[in-house]
Amino acid sequence: MPPPRTILLRVFAAAALACAVSACKPAAEAPATAAGRGDTSRPVLAVQLLSRHLRDNDFAAFARDAVPPALHTRLERAWRDGRSRWPLDELPFNDRIPSVLAALAAPDADTALRKDFDRQFSGAGGEIRAAATTLGVFGVQYVDHQGDFSPAERAHYAQLVTAAARWAQRAPLADRARAHAAIARLAAAARAAELDNADKEAWSALGMDATLRRIGRFSGEAKAVLAGYGLGVDDSLDGLEASLHMQAGDYAEVRLRYLLAGDPIDALIPVERLGGQWYVSDFLRHAQAAAGVPARPASPQRTAPLPDGPAAAP
């Protein structure tokens, strides 16, 4: 079983990066189109819709609206064939999510993880803060120079990693009572999700949409645990603001601004139009690669620097 540091930090990182794959302030009531799809007829609406799905822990709806219908069908097929785990690919440690959920759902997880935490980390605040600082530095270097990231993703994620590292430096991660409560809550949520089988074939047989719906059940509890440590992911999602930065034909950039654990994040999100609907370019690129569609180039770099004044109206 992975040690508590591994499990807890993976959950923290995944929930924090949900902010990165969000795009703007949730719309109150975005209308649905035929076949249950949300309204993605304008650039800002497209990113608002995905943001609301993440806020609602509705990852199946996120997968449905982040890509065109034909690509969604191919992704479902690739999932069942064991060739894809998109959109989990958008999260850090995505290949470890099944094993983490299985470890948390194990019958002895509560007792074993609490004992491990007490032995390794209880009261070790200084060591954890030092590790967070180091991880922040190396995380930014990785985002800047490695990985399959577009220029827009590198600019956005570097800010996110820095903010998450600052949060971890001051969060009470070594607090014994808080950790015991968090472990119990996460273990109960993992069992309720009924995804305790980390076997590749089991997730494939369940299918993409059904698996994502179960992961959504776990996500709400994981975000509540993070909030207890001072990282309000839902607060960040609720406070996201977006505006149309530029549009040229079928390409546009949406500017998004939000706070992550008190740190301001300011980024440009490339979006593009296909079949009359708008999609986040980087999600689309990653999804096409996961489905075996011929590789597409990364989104072009932004055409102008971010303005200093207030964002323009959508």
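So, how was this worked out
Residues numbered from 1 in each chain as written. Predicted model: local features only at pLDDT ≥ 70, side-chain atom pairs only at ≥ 80, totals over all residues. Heavy atoms only, no water. Pairing = 2+ DSSP bridges. Helix = DSSP H or I, 4+ residues; strand = E, 2+ residues; numbered from the N terminus. Buried < 20%, exposed > 50% of the residue type's maximum accessible area, 1.4 Å probe, protein only. Axes fitted to C-alpha atoms, helices over the stretch in contact; angles between N-to-C directions. Parallel < 35°, antiparallel > 145°, perpendicular 65-115°, else oblique. Contact = heavy atoms within 4.5 Å. Nonpolar A, V, L, I, M, F, W, Y, C, P; charged D, E, K, R; others polar. Expected span 1.5 Å × (residues − 1). Arc of directions from axis to C-beta. Phe/Tyr/Trp six-rings, centres within 6.5 Å; stacked < 30°, edge-to-face > 60°. Lys NZ or Arg CZ within 6 Å of the ring centre and 35° of its normal.

Student: For this particular structure, what's the right way to read the pairing of strand β3 (residues 263-274)?
Tutor: In terms of strand pairing, strand β2 (residues 251-260) meets β3 through ten bridges, oriented antiparallel. Considered in β3, the bridge of Arg257 is made with Asp266. Linking β2 to β3, which pair antiparallel, is a turn of two residues; within it Ala261 sits at a positive phi near 55°. Alignment of β3 against strand β4 (residues 277-280), held across four bridges, turns out to be antiparallel. Bridge assignment links Arg273 to a residue of β4, and that residue is Trp278.

Student: Before we go on, may I ask you to explain the pairing of β2 in this structure?
Tutor: Each regular strand carries side chains that alternate between the two faces of the sheet. By the criterion of burial, β2 is predominantly enclosed, with eight of the ten residues buried. Examined bridge by bridge, strand β1 (residues 241-248) and β2 share seven bridges and lie antiparallel to one another. Counterpart to Glu241 in the pairing with β2 is Arg257.

Student: How do you make sense of the packing of helix α7 (residues 125-145) against helix α8 (residues 151-170) when you look at a structure like this?
Tutor: Contact geometry for α7 and α8: axes closest at 8 Å, N-to-C directions at 180°. With respect to their mutual orientation, α7 and α8 come out roughly antiparallel. Together, Arg129, Ala132, Thr133, Gly136, Gly139, Val140, Tyr142, Val143, Asp144 and His145 of α7 and Glu153, Arg154, Tyr157, Ala158, Val161, Thr162, Ala165, Ala168 and Gln169 of α8 make up the contact between the two elements. Its residues placed into classes, the contact of α7 with α8 shows nine nonpolar, six polar and four charged.

Student: I tried to follow the environment of Leu173 on my own but got confused; where do I start?
Tutor: Tracing the chain through its elements places Leu173 in the loop between α8 and α9 (176-193). With a relative accessible area of 9%, Leu173 lands in the buried category. C-alpha of Leu173 to C-alpha of Ala124: the two residues are 49 residues apart in sequence and 8.7 Å apart in space.

Student: I keep staring at the sheet that holds β3 and nothing clicks. Help me out?
Tutor: By definition, the strands of a sheet pair up through backbone hydrogen bonds, in either a parallel or an antiparallel sense. Taken in spatial order, the four strands line up as β1-β2-β3-β4 in an open sheet, and their pairing is antiparallel. Two strands bound the open sheet, and with one partner strand each, they are β1 and β4. Between one strand and the next, the sheet's axes are offset by a mean angle of 30°, whatever the strand orientation.

Student: Explain helix α4 (residues 69-80) to me, please; I cannot follow it from the model alone.
Tutor: An α-helical turn contains 3.6 residues, so a residue and the one three or four places further along point in the same direction. Taking 1.5 Å per residue as the helical rise, α4 with its twelve residues ought to reach 16 Å, and the 17 Å between its terminal C-alpha atoms agrees with that figure. Along α4, the residues that are buried comprise Leu71, His72, Leu75, Glu76, Ala78 and Trp79. Each buried residue of α4 sits inside an arc of 165° when the element is viewed along its axis, so together they form one side. With its phi angle positive at about 80°, Gly82 sits one or two positions after the end of α4.

Student: Help me out: how do you make sense of the packing of aromatic side chains in this one?
Tutor: Aromatic ring pairs are reported here in terms of the distance separating the ring centres and the angle at which the planes meet. This model, assessed by the stated rule, comprises five aromatic pairs. Between Phe117 and Phe121, the aromatic rings sit 6.3 Å apart at their centres with planes inclined by 50°, giving tilted as the arrangement. Judged on exposure class, the residue Phe117 and its partner Phe121 are both buried. Pairwise contacts between aromatic rings join Tyr142, Phe149 and Tyr157 into one cluster. The ring of Tyr229 is capped by Arg178, whose NZ or CZ atom sits 5.9 Å from the centre of that ring.

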